[in-house]
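# Summary of the model geometry
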Amino acid sequence: MTSDYRPISCALYAQFEHWIIYRQKLRVVWYEPQRTNHLEQLKPMDLQTRNHEEFLIARRRSGETVELRLDRILRAEPI
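In this structure the tally under the stated criterion is eight salt bridges. Here Arg 50 and Glu 67 are joined by a salt bridge, their closest N and O atoms 2.6 Å apart. Here Arg 50, found in strand S2 (residues 37-50), pairs with Glu 67, found in strand S4 (residues 65-69); they are 17 residues apart in sequence, far enough to count as distant. In this structure Glu 67 comes out as partly exposed when scored by relative accessible area, which is 44%. With a closest N to O distance of 3.7 Å, Arg 69 and Glu 53 form a salt bridge. Of this pair, Arg 69 sits in strand S4 while Glu 53 sits in strand S3 (residues 53-60), and the two are 16 residues apart along the sequence. Given the relative accessible area of 7%, Arg 69 is considered buried. For Glu 53, a relative accessible area of 9% puts it in the buried group.

So, how was this worked out
- Residues numbered from 1 in each chain as written.
- Predicted model: local features only at pLDDT ≥ 70, side-chain atom pairs only at ≥ 80, totals over all residues.
- Heavy atoms only, no water.
- Salt bridge = Lys/Arg side-chain N within 4 Å of Asp/Glu carboxyl O.
- Helix = DSSP H or I, 4+ residues; strand = E, 2+ residues; numbered from the N terminus.
- Buried < 20%, exposed > 50% of the residue type's maximum accessible area, 1.4 Å probe, protein only.

Okay, here's the thing in structure tokens:
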């Protein structure tokens, strides 16, 4: 685990699970370590935990897979 990781709430984690189960496309805003913000339409596929950090595995419109650390997601809303 990196020292800056902050777990998200259980309620938000459950919301991501719901969106995955129902294959809900999302509009997601997140930032990268260099503080670059991103806004994309994604299809959430799975949640994973590695080294005590949680990640959303999602598919971009292009079909490319992206892994987002959950504490770096600023906003996610269904489309």
